[in-house]
Structure formats: structure tokens, C-alpha cells
Amino acid sequence: MRETFSVHEPEPSRETPLLVEVPHAGLDVPAELSGSLLATARSIARDADLYVDGLYQDAPTEGATLIVSHVSRYVVDLNRGEVDIDSESVVGGRPHPKAPRGLIWRLSTDAEPCLRAPLTGAELSARLDHVYRPYHARIVEILARKREKFGFAILLAAHSMPSAGRTAHGDAGNVRADVVPGTQGRTTAAAVVIDAVDAHARLAKLSVKHDDPYRGGFATRHYGTPRESTHAVQVELARRLYMDETTLKRRPAEFDATRAWCRSLTRKLGALALG
């Protein structure tokens, strides 16, 4: 099996307290983990955060560490908790409010089936052991190193979103803001971090709506513990900013502009001074 994620470090002399994590840009479906997966290539691509790894590829140049998953979220969703399953996605699972698109997706955002049948316990364990747990173990390691070196760490959970809610979304049909910072009601990061993201978007004349429709997923909630000197913010970018959502192709000029915005955001967050 090829590596399921990659880590890109800055030059040591340029390192900042920032870690950028990209959990959903991957498209890989390892044959040995495919199990009961039922999904077309287009469905996998539509539900991926396409090109977000490219938007943030300059983060290490600005001193941030970048971690990128290569595996499709249909294999296992890295931004969900291990208990976010139910009996229709995993044999023996318990009902969970996010289950259709929990740890193991059984419905796409277009309300199409992702699974032929619920995973067995062994199939789930394989996905956790080979993909999920190594990814999060590395995040824990990187954040600990940065806290040790700088006294605090910042996690930027980098995502993208459909520009309008889809069939299976709670806001189906609603046009979304350009940038949605998710911080669980401003609880997962210090105000200076949240306000820096907000100001950076508004400076570029981008519309901003906090926590709507995304309040920050597992990574933001789990790692965002300001009292323990780790600050986390999820940043959702509307895909209209950089791609054609019908053809799923990049719009070159718009992509370059958004990439520059992401680069300067990582520079700004990396330069913050937190107590």
C-alpha cells in the first residue's frame, strides 16, 4: 500500500507554530481497503475537497507544517470521531446523528449510496489501523513539537465546500459565504486567531459567515483546546472561488488568486503571538 498521507515540513529556521491539515483532498481508494465501497469516480471527486492540497502547497515556504491525506473520505473520514458510526455503516454500530456521512460514509452529499453493505468489524479495524490512526498520531506528534518549541500551536483545518447546499445537506439550495471559519462558537481558538482569519478574508473582499453551515469537525473540536495552548480553526472555502463545480476542473486564474490568499493566510497565522 502506498503512503496514505504525506507531511511537508518547513526549513527549521523558518518554522512557525502553524500546522495546516488537509484531510479530504485525497482520491485514493486502496484495493485492500475498498471492502464494500460502492461509488463512482465522479461521486468520489464531488465529495472530495479537490485541489485544497494545491491551494495550501506554499504553507511550508511560509514556515508552516503541511499534512495531506491521499485517501478518499469514502474509505474513512479523518474529520470524524471513531464512534461516529451506526449499524447501516458498520455491523454492530449504534445510531449516531451524523451516521449517513460519519466515519464511514453510506450516503454521498447527493444522497447516493456509498456502500454495498455495512462494513464488518475487521474491515473497519483495517481502515482505522492503516489510515485513520497513523494520520492522527502524526498530528498529535507535530502539535506537541510545536507547543514545546513555541509555547503554543495553531491548527488550520483546510477544507472546501460546495458553493450551495446539496440534496443531503441541511441547507440544500442555499448559497454559502465565500469563507466559513468554524470554531464551535469561538471556543476552539483564541479570539486573535479567529479574528485574523475573518480580517484576512474581508480584506480580500470575500464574504464571511462563521460556523454556518460548518462549525468545525472532529479535528477542530478534538485539537482545539486553547487552555492547553492549542488553537484550531476550520476554514471552508466555497469552491466557486477556484474551480468549475460542474466539470470539476480548476479555473487557472481564480485558482492562483485563491492559492495566493491561502499562502498569505498561513503567513499571517504563523506570525501571531499568543500567550
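Here is a short report on the structure shown in this document. This is a predicted model, so every value here is computed, not measured.

## Examining the overall build of the protein chain
Working step 1: When its secondary structure is counted, the protein chain shows six helices and six strands.
Working step 2: Each helix and strand of the protein chain, placed in order from N terminus to C terminus, yields the pattern β-β-α-α-β-α-β-β-α-α-β-α.
Working step 3: Here the protein chain has a C-alpha radius of gyration of 18 Å; the compact-globule value for 275 residues is 19 Å, and the two agree.
Working step 4: Dimensions along the principal axes, computed over C-alpha positions, put the protein chain at roughly 50 × 40 × 35 Å.
Working step 5: Across the 275 residues that make up the protein chain, the buried fraction comes to 56%.
Working step 6: Of the contacts made within the protein chain by residues no fewer than 6 positions apart, 78% connect residues no fewer than 24 positions apart.
Working step 7: Charge-centre separation for the protein chain: the mean point of 36 positive side chains lies 3 Å from the mean point of 35 negative side chains.

## Structural notes on the environment of Val83
Working step 1: If you trace the backbone, Val83 turns up in the loop between strand 3 (65-69) and helix 3 (121-150).
Working step 2: Taking relative accessible area as the criterion, Val83 reaches 69% and is therefore assigned exposed.
Working step 3: In the structure, Val83 is positioned 19 residues away from Gly102 in sequence and 8.9 Å away in space, judged by C-alpha atoms.

## Looking at the packing of aromatic side chains
Working step 1: Throughout the structure, instances matching the rule amount to four aromatic pairs.
Working step 2: When the centroid spacing of 5.8 Å and the interplanar angle of 85° are considered together, the rings of Phe5 and Tyr135 count as edge-to-face. Taken together, the residues span a long stretch of sequence, with Phe5 in strand 1 (residues 5-8) and Tyr135 in helix 3 at a distance of 130 residues.
Working step 3: Look at Tyr135 and you get buried, because its relative accessible area is 1%.
Working step 4: Measuring from centroid to centroid gives 6.4 Å for Tyr132 and Phe218, while their planes differ by 45°, and the two rings are tilted. One end of the pair, Tyr132, is in helix 3; the other, Phe218, is in helix 5 (residues 218-223), with 86 residues separating them in the sequence. Of the two residues, Tyr132 and Phe218, both sit in the buried class.
Working step 5: A cation over a ring is seen here: Arg250 above Phe255, with NZ or CZ 4.3 Å from the ring centre.

## Quick look at the pairing of strand 6 (residues 230-238)
Working step 1: Burial of strand 6 is extensive: nine of the nine residues sit out of reach of the surface.
Working step 2: A two-sided burial pattern is seen for strand 6, the buried positions comprising Thr230, Ala232, Gln234, Glu236 and Ala238 on one face and His231, Val233, Val235 and Leu237 on the other.
Working step 3: Examined bridge by bridge, strand 4 (residues 153-161) and strand 6 share nine bridges and lie parallel to one another. Across the sheet, Ala158 pairs through a bridge with Val235, a residue of strand 6.

## Structural notes on empty space enclosed by the protein
Working step 1: Counted according to the given criterion, the structure contains one cavity of 30 Å³ or more.
Working step 2: Roughly 50 Å³ of internal volume is contained in the largest cavity.
Working step 3: Within the lining of the largest cavity, the residues separate by chemical class into five nonpolar, no polar and four charged.

## Topic: the nonpolar core
Working step 1: In terms of nonpolar packing, the biggest core is built from 41 residues, with Val20, Tyr56, Leu156, Leu237 and Leu269 touching the most fellow members.
Working step 2: Elements with a minimum of two residues in this core: strand 2 (18-22), helix 2 (52-55), strand 3, strand 4, helix 4 (191-203), strand 6 and helix 6 (252-270).
Working step 3: Other than its neighbours up to four places away in sequence, Val20 contacts Tyr56, Ala59, Ala64, Thr65, Leu66, Ile67, Leu156, Ala158 and Thr266.
Working step 4: Judged by nonpolar contacts, the second largest core, of 28 residues, contains Phe5, Ile67, Leu103 and Tyr135.

Thresholds, definitions, all that
Residues numbered from 1 in each chain as written. Predicted model: local features only at pLDDT ≥ 70, side-chain atom pairs only at ≥ 80, totals over all residues. Heavy atoms only, no water. Helix = DSSP H or I, 4+ residues; strand = E, 2+ residues; numbered from the N terminus. Rg over C-alpha atoms; globule rule 2.2 N^0.38 Å. Buried < 20%, exposed > 50% of the residue type's maximum accessible area, 1.4 Å probe, protein only. Contact = heavy atoms within 4.5 Å. Lys, Arg positive; Asp, Glu negative; His and termini not counted. Charge placed at Lys NZ, Arg CZ, Asp CG, Glu CD. Phe/Tyr/Trp six-rings, centres within 6.5 Å; stacked < 30°, edge-to-face > 60°. Lys NZ or Arg CZ within 6 Å of the ring centre and 35° of its normal. Pairing = 2+ DSSP bridges. 1 Å grid on protein atoms, 1.4 Å probe; cavity = no way out; pocket = protein on both sides within 12 Å on 5 of 7 lines; lining within 4 Å. Points joined across faces, edges and corners; volume = space filled by probe spheres on them. Nonpolar A, V, L, I, M, F, W, Y, C, P; charged D, E, K, R; others polar. Core = buried A, V, L, I, M, F, W, Y, C linked by side-chain atoms within 4.5 Å.

Without other data, these values stay purely geometric and don't point to any function.
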